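The primary structure of each chain is shown beneath.
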Amino acid sequence: MEAIISRCRDDVLSPYMVHKTPIKRRREYLDKKDHWTAVTPEMLTREFARMRDKTGIRTGLKPEQGTTFHEIRALGGELYRQAGWTNEAIQRLLGHSTEKMTRHYLDKHMEQWIITDTVGLPRTVSRK
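Residues numbered from 1 in each chain as written. Predicted model: local features only at pLDDT ≥ 70, side-chain atom pairs only at ≥ 80, totals over all residues. Heavy atoms only, no water.

A.B. asks: Any chance you could explain the overall build of the protein chain here in plain terms?
C.D. replies: Within the protein chain one finds 6 helices and 2 strands. Along the protein chain, helices (α) and strands (β) appear in the sequence α-α-α-α-α-α-β-β when read from the amino end. A total of 128 residues make up the protein chain; the buried ones form 17% of that total. Within the protein chain, residue pairs in contact and separated by at least 24 positions form 18% of the contacts whose partners lie at least 6 positions apart. Carbon and sulfur atoms make up 56% of the accessible area of the protein chain, which totals about 10,500 Å². (Helix = DSSP H or I, 4+ residues; strand = E, 2+ residues; numbered from the N terminus. Buried < 20%, exposed > 50% of the residue type's maximum accessible area, 1.4 Å probe, protein only. Contact = heavy atoms within 4.5 Å. Areas by Shrake-Rupley, 256 points an atom, 1.4 Å probe, with all protein chains shown as cover.)

A.B. asks: Explain the nonpolar core to me, please; I cannot follow it from the model alone.
C.D. replies: Inside soluble globular proteins, nonpolar side chains tend to come together where they are buried. Ala-74, Ile-90, Leu-94, Tyr-105 and Leu-106 together form the largest nonpolar core, which totals 5 residues. Breaking this core down by element, the ones donating at least two residues are α5 (87–94) and α6 (99–107). In contact with Tyr-105, not counting residues within four places along its chain, are His-70, Arg-73, Ala-74, Leu-94 and His-96. (Core = buried A, V, L, I, M, F, W, Y, C linked by side-chain atoms within 4.5 Å.)

A.B. asks: Explanation requested: the pattern of salt bridges in the structure shown.
C.D. replies: For side chains bearing opposite charge, pairing can occur when the charged atoms are close. Enumeration over the complete set of coordinates arrives at 5 salt bridges. Arg-50 serves as the salt-bridge partner of Glu-47, at 2.7 Å between the closest nitrogen and oxygen. Pair noted here: Glu-47 and Arg-50 are both in helix α3 (residues 41–55), with a separation of 3 residues, about one helical turn. Owing to a relative accessible area of 36%, Glu-47 belongs among the partly exposed residues under this scheme. (Salt bridge = Lys/Arg side-chain N within 4 Å of Asp/Glu carboxyl O.)

A.B. asks: So what exactly am I meant to see when it comes to the packing of α3 against helix α4 (residues 69–82) here?
C.D. replies: Between two packed helices, what matters for the description is the angle formed by their axes and the separation of those axes. Look at α3 against α4: their axes get within 9 Å of each other, and the N-to-C directions meet at 100°. The orientation of α3 relative to α4 falls into the category roughly perpendicular. Contact residues: Leu-44, Thr-45 and Phe-48 in α3; Phe-69, His-70 and Ile-72 in α4. Residues that form the contact of α3 with α4 fall into these classes: 4 nonpolar, 2 polar and no charged. (Axes fitted to C-alpha atoms, helices over the stretch in contact; angles between N-to-C directions. Parallel < 35°, antiparallel > 145°, perpendicular 65-115°, else oblique. Nonpolar A, V, L, I, M, F, W, Y, C, P; charged D, E, K, R; others polar.)

A.B. asks: Looking at this structure, how should I read the packing of α4 against α5?
C.D. replies: Relative to each other, α4 and α5 sit at 150°, their axes nearing to 10 Å. Taken together, the axes of α4 and α5 are roughly antiparallel relative to one another. Crossing handedness for the pair α4 and α5: right-handed. Contacts between α4 and α5 involve Arg-73, Gly-77, Tyr-80 and Arg-81 from the first element and Asn-87, Ile-90, Leu-93 and Leu-94 from the second. (Left-handed = near helix turned anticlockwise from the far one by under 90°.)

A.B. asks: Would you mind showing me how to read the confidence of the model for the protein chain here?
C.D. replies: Interpretation of the predicted coordinates at a detailed level should be avoided for regions scoring low in pLDDT. Averaged over every residue, the pLDDT of the protein chain is 81; residues scoring 70 or more account for 84%. Within the protein chain, the element-level pLDDT minimum falls on strand β2 (residues 122–126), averaging 53, and the maximum on α5, averaging 92. (pLDDT = per-residue confidence, 0-100.)

Encoded structure:
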């Protein structure tokens, strides 16, 4: 953990381990953040998609069809649940302020999909 934290250190004085110095310090953008170095959820989403597309791993898919940051995050939460972590611990890890939001993330992995075979007969498949 110490090695990871040390990689987050730089010359910018910020209350956040993960932070970004904005290219332009425009008032309308700064007013939307708790601190001028804060990384917003939108920034994470955009940067994740940009880096995902840059890898070229799934070149057969359109960019909007690629895996999202939030899908990976939700999958991580589900894997922790399957490993026996409590919902409270997962809530802290994901940074959710309410248990309801954590359940929302985790319950998406419990939904069933309806898949049709080549003859068109539906069958239910659990995503778990």
